[in-house]
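# Inside the fold
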Amino acid sequence: LEKHKIFKGDTLFLHGNEMALAQVYGDNKLKKIFNFWNAIKDFLGKRGTLIVPTFTYSATKKKCFDALNTPSSIGQFSENFRILHLNNRTFHTIFSVSYYGHHSKEISTTDLKTCFGKRSIFDFIKKINAKLISIGCSYNEFTFTHHLEENFGVSYRYLKNFEGTYIQGDKLKKIKTNY
């Protein structure tokens, strides 16, 4: 991480592929997963923050989103992180993220009514100058690109509104979000 100018106390937005974990030390798959995530957590320290996309696209599929139980739709890498750090996940019905660390409170209050606009998780990571990391997947998979496209008002994208529901505690909540 240091070779890539990542340091203790940084905030990382980490996309990844499960195959990358095959090269991590551990006697079995579960230990490799545990060792990988704990090594990053230890490296970042108490002032660091780790954010991992655990997108579900629930609202686009007209399904209720449950932050505690809806699995990530984008692969085992993010699903393993979600399971290990279950208590920290946004309630966004399309682009939820799982996270831990110093910026947890701010992440939990990012806007659920937009996917990429002002006050979205992507706007937040830009404002705090988070570092985008890709392990085992292509850079063209960075969803952050859509935030930039929306901010620049590119002609080849448009906003579409989705209605969704999510569970927060024991309540079912409805929300409209643009994507």
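Right above here is the structure, for reference.
Residues numbered from 1 in each chain as written. Predicted model: local features only at pLDDT ≥ 70, side-chain atom pairs only at ≥ 80, totals over all residues. Heavy atoms only, no water.

Applying the stated criterion across every chain, the model contains one cavity of 30 Å³ or more. The volume enclosed by the largest cavity comes to roughly 60 Å³. Lining of the largest cavity is provided by Thr90, His92, Phe95, Val97, Thr110, Asp111, Leu112, Thr114, Cys115, Ser120, Ile121 and Phe122. Grouping the constituent residues of the lining of the largest cavity by class yields six nonpolar, five polar and one charged. (1 Å grid on protein atoms, 1.4 Å probe; cavity = no way out; pocket = protein on both sides within 12 Å on 5 of 7 lines; lining within 4 Å. Points joined across faces, edges and corners; volume = space filled by probe spheres on them. Nonpolar A, V, L, I, M, F, W, Y, C, P; charged D, E, K, R; others polar.)

Let us look at the pattern of salt bridges. This model, assessed by the stated rule, comprises eight salt bridges. In this structure, Lys29 and Glu18 form a salt bridge, with 3.9 Å as the shortest nitrogen-oxygen distance. A residue pair is termed long-range when its members are at least 10 positions apart, and Lys29 in helix 1 (residues 29-44) and Glu18 in the loop between strand 1 (11-16) and helix 1 qualify at eleven residues. Its salt-bridge partner being Arg157, residue Glu149 comes within 3.3 Å of it at the nearest N-O pair. Look at Glu149 and you get buried, because its relative accessible area is 12%. Assessed through its relative accessible area of 33%, Arg157 is described here as partly exposed. (Salt bridge = Lys/Arg side-chain N within 4 Å of Asp/Glu carboxyl O. Helix = DSSP H or I, 4+ residues; strand = E, 2+ residues; numbered from the N terminus. Buried < 20%, exposed > 50% of the residue type's maximum accessible area, 1.4 Å probe, protein only.)

To continue, consider helix 2 (residues 76-84). Helical geometry note: an α-helix holds 3.6 residues per turn, so side chains three or four residues apart project in the same direction. All of the buried residues in helix 2 are Phe77, Ser78, Glu79, Asn80, Phe81 and Arg82. Buried residues in helix 2 make contact with strand 1, helix 1, strand 2 (49-53) and strand 4 (97-101). (Contact = heavy atoms within 4.5 Å.)

Turning to the sheet that holds strand 1, a few remarks are in order. The strand order across the open sheet built from four strands is 4-2-1-5, with neighbouring strands paired in mixed fashion. Strands with a single pairing partner mark the edges of an open sheet, and in this sheet they are strand 4 and strand 5 (131-135). Recorded for the sheet is a direction-independent mean angle of 20° between the axes of neighbouring strands. Direction of pairing for strand 1 relative to strand 5: parallel, over a ladder of five bridges. From the neighbouring strand, Gly16 faces strand 5, where its bridge partner is Ile135. (Pairing = 2+ DSSP bridges. Axes fitted to C-alpha atoms, helices over the stretch in contact; angles between N-to-C directions.)

On their own, these measurements won't tell you what the molecule is for.
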